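# Per-entry structural report
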Amino acid sequence: MIMDAGQRFDPELPEETRSTSNTDISSVNQHPPCFLNLLLAVQQVFVQCSLLVLVLGVLQQHLLLQDGERERLLSSMLFYSALSTLIQSCLGTCLPLVQAPSLETLIPAVVLTAQIVTEPACRGHCEESEEDILPRANPVRELQGMTVIVGMVQLVLGVTGLSGVVLRHCGPLVIAPLLCLLGFSIYREAALLCSDHWAIAALTVILLVLLSQHLRSYMLPACLSMPQLPVCRMLSLLLPLLSVWALCEVLESVGVLRLRSVSELLPALKTSNTSLPKPLQSDPFTVPWLSPPLAAETGLPLLSVRGMAAGVVAALSSSVSSVGMYLLTARLLGVPPPPAAACNRGLGSQGLGSLVAGLMGAPLGLSSSVPNTCTLGLSQSGSRWTVQLAAILGLALGVSPRLTQIITSVPLAIYGALLSVTYTIAVATGVRYFQFTHIDSGRNIFNIGLAVFMSLVLPHWFLMQTVFIDTGMVSVDVLLHSLLTSPVLLVGILAFLLDNTVSGSSSERGLDSAEMEKTGWTSVNSEPGYHQEVELIYESPYLLRRLWKLPWLRTAPFSACRITDDGDVL
């Protein structure tokens, strides 16, 4: 049996049902067949690349990249993301989560680079002596410094247990708007990619729906002597991508189809700086086969006050998004929600990955990838070994810009179709959380509507009025502009404040529902078999468990990352 998306862990299920689900291919701790595991890992890599191409395509508009630097940046970010994925799957939540730069870290980075590029290149009047001329700041180095700050803030949030303290006050009325906004946050960018060729995007969506829904129960013929698994559903993203990609290559070779790059499509968003020169297109034959992802050319990260301001907002926004992905992953795979200790470890590991990436030259911080998490809901294949194999493939691709260029040459319309379909899973799962609350309550209706609406309106207005915020201090301007243009962070703050300040009963807020009891945030769950299931999935690796038992590490803040015998956090 393979659990349907959203099916919750229930210790009171019949014994035969529970035993079957524990040996299912979608179990976090199970080993899929080798060849199928490789295909699932390749599928995760392609989905990760769809987000990488979009995020770095937007960022490169604000960076003066030379010939070949785009491919090096792509390969380097793929390497850093794969390294962070290994850290997360081994030391963090232990869920099958893929790490990647996201829109939550991109927004503060764009605000910061806009300040760097538009700042004056001289002190006072430009016609003064050459001694007054100041060198223009290197945007890449400042972005690296911002990434270091992102990692440090995330590490502090995880290790000190501050995230666990906040989670104890987060109910369904905070989780539901957050997941909905995470799904809605990319609709403009997904439409941008699909606009490369709407027919190609529509064909990809049709094939994806056909395989994941209409043929979701199709098994391989028994005569093939292979495991009877729903291959169409498990590879519902990889098969359409490869099929339509092959079709596009044929059409392009005969001159019927002309595909564009992200740089050519971005003016449609009307958010890029049109005064900047367009990035140079790289000759595929000049891209090297091997290039270590180190910051040898740009130098060490540059820490500035404005970079720190942008880094704090990026860290908070990506942390809110990642916690939502922890809950979404558990719900899609039908496993118990992660306890606060696992979330603390997850943010700490994510911060460690971003910190290492920033020191090595990454221009963006890392967070749990939304499309990769939603892929688990479509394929219902959530093995930790699949994600770790995908990370190994990412490490191999990350040292070869030429291979990265090949794997990221998928038409943008296909990437747009993948993002359009995967992000819908986050929206639908967020809507499902409303069932645990009294949805007809006037309090809940007002809180949900205000949080979601204002989180969409404020970023849209401040993106159009870029000069409205002018306090005279660049760092404060960057901080406020980054905060007010980050919809995910805004909805998290608004939903949290409204749910915890507007009076309402526990049943009205959904805090006494069975789902919230299973999180262990509001109360310790004592149902038989529950704690064993939590330990099986979220327990720290053996070496870390031995480390937590050291006398000088048994006190705060390190205990915030350890699950105690009763399932709570010390």
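Small disclaimer: the values here were computed from a predicted structure and weren't measured. (Residues numbered from 1 in each chain as written. Predicted model: local features only at pLDDT ≥ 70, side-chain atom pairs only at ≥ 80, totals over all residues. Heavy atoms only, no water.)

### Points about the overall build of the protein
Within the protein one finds 25 helices and two strands. Here the protein holds 570 residues, and the buried ones make up 58% of them. Pairs at least 24 residues apart make up 83% of the contacts formed inside the protein by residues separated by at least 6 positions. Here the protein has roughly 23,300 Å² of accessible surface; of this, 66% comes from carbon and sulfur atoms. (Helix = DSSP H or I, 4+ residues; strand = E, 2+ residues; numbered from the N terminus. Buried < 20%, exposed > 50% of the residue type's maximum accessible area, 1.4 Å probe, protein only. Contact = heavy atoms within 4.5 Å. Areas by Shrake-Rupley, 256 points an atom, 1.4 Å probe, with all protein chains shown as cover.)

### Concerning the packing of helix α2 (residues 34-59) against helix α3 (residues 69-91)
Two elements in contact, α2 and α3, have axes separated by 11 Å at closest approach and are oriented at 130°. Classified by the angle between their axes, α2 and α3 sit oblique to one another. Note on packing geometry: the crossing formed by α2 with α3 is right-handed. Along its contact with α2, which presents Gln48, Cys49, Leu52, Val53 and Leu56, the element α3 presents Arg70, Leu73, Leu74, Met77, Leu78 and Ser81. (Axes fitted to C-alpha atoms, helices over the stretch in contact; angles between N-to-C directions. Parallel < 35°, antiparallel > 145°, perpendicular 65-115°, else oblique. Left-handed = near helix turned anticlockwise from the far one by under 90°.)

### A word on unusual backbone geometry
Even without being a glycine, Cys94 presents a positive backbone phi close to 70°. Within the secondary structure, Cys94 is located in the loop between α3 and β1 (99-100). Since its relative accessible area comes to 6%, Cys94 is described here as buried. Its identity is not glycine, yet Gln380 carries a phi of approximately 55°, on the positive side. With respect to the helices and strands, the residue Gln380 is situated in the loop between α15 (370-379) and α16 (384-398).

### Here's the deal with the nonpolar core
Among the nonpolar cores identified, the biggest contains 115 residues, and Phe46, Leu56, Leu59, Met77, Ile414, Tyr415 and Tyr538 are the most heavily contacted of them. Per-element accounting of this core gives the leading share, 15 residues, to α2. Excluding residues that lie within four positions of it along the chain, Tyr415 makes contacts with Phe46, Cys49, Ser50, Val53, Leu193, Ile407, Thr408 and Val410. Core analysis: the second largest hydrophobic core is formed by six residues, Val150, Leu157, Ala314 and Ala315 among them. (Core = buried A, V, L, I, M, F, W, Y, C linked by side-chain atoms within 4.5 Å.)

### Describing the side chain of Ser102
Its location among the elements puts Ser102 in the loop between β1 and α4 (103-118). The class for Ser102 is buried, based on a relative accessible area of 4%. Within the local environment of Ser102, its side chain forms a polar contact with the side chain of Glu104, the two groups lying 3.0 Å apart. Discounting residues that sit within four places of it in the chain, Ser102 has contacts with Val55 and Ser367. (Polar contact = N/O pair within 3.5 Å; in protein donor to acceptor, adjacent residues only side chain to side chain.)

### Side note on the UniProt feature "transmembrane region" (unreviewed entry) in the protein
The feature "transmembrane region" (unreviewed entry), as given by UniProt, occupies residues 413-433, 445-463 and 478-498 in the numbering adopted here. Helix makes up 100% of residues 445-463 and strand 0%, and the two end C-alpha atoms of the span are 28 Å apart. (UniProt positions renumbered as here; feature names shortened; annotations may be inferred.)

### Overview of α2
Because each turn of an α-helix spans 3.6 residues, side chains separated by three or four positions end up pointing in the same direction. Counted at 1.5 Å a residue, the expected span for α2 with its 26 residues is 38 Å, and the 37 Å between its end C-alpha atoms agrees. Burial analysis of α2 places 21 of its 26 residues in the buried class, which makes it a mostly covered element. (Expected span 1.5 Å × (residues − 1).)

### Brief notes about the environment of Val534
You can see Val534 is positioned in helix α24 (residues 530-538). For the pair Val534 and Ala342, spaced 192 residues apart in sequence, the C-alpha separation works out to 9.8 Å.

### Quick word on the packing of aromatic side chains
Describing an aromatic ring pair means giving the distance of the ring centres and the angle of the ring planes. All chains considered together, the criterion is met by six aromatic pairs. Ring geometry for Trp461 and Phe462: centres 5.0 Å apart, planes at 90°, overall edge-to-face. Judged by its relative accessible area of 36%, Trp461 is partly exposed. Phe462 sits in the buried class, given a relative accessible area of 9%. Considering the side-chain rings of Trp461 and Phe468, the 5.0 Å spacing of their centres and the 80° angle between planes classify their relative orientation as edge-to-face. Taking the relative accessible area as the measure of exposure, Phe468 reaches 54% and is therefore exposed. Site record: aromatic cluster; members linked through ring pairs are Trp461, Phe462 and Phe468. (Phe/Tyr/Trp six-rings, centres within 6.5 Å; stacked < 30°, edge-to-face > 60°.)

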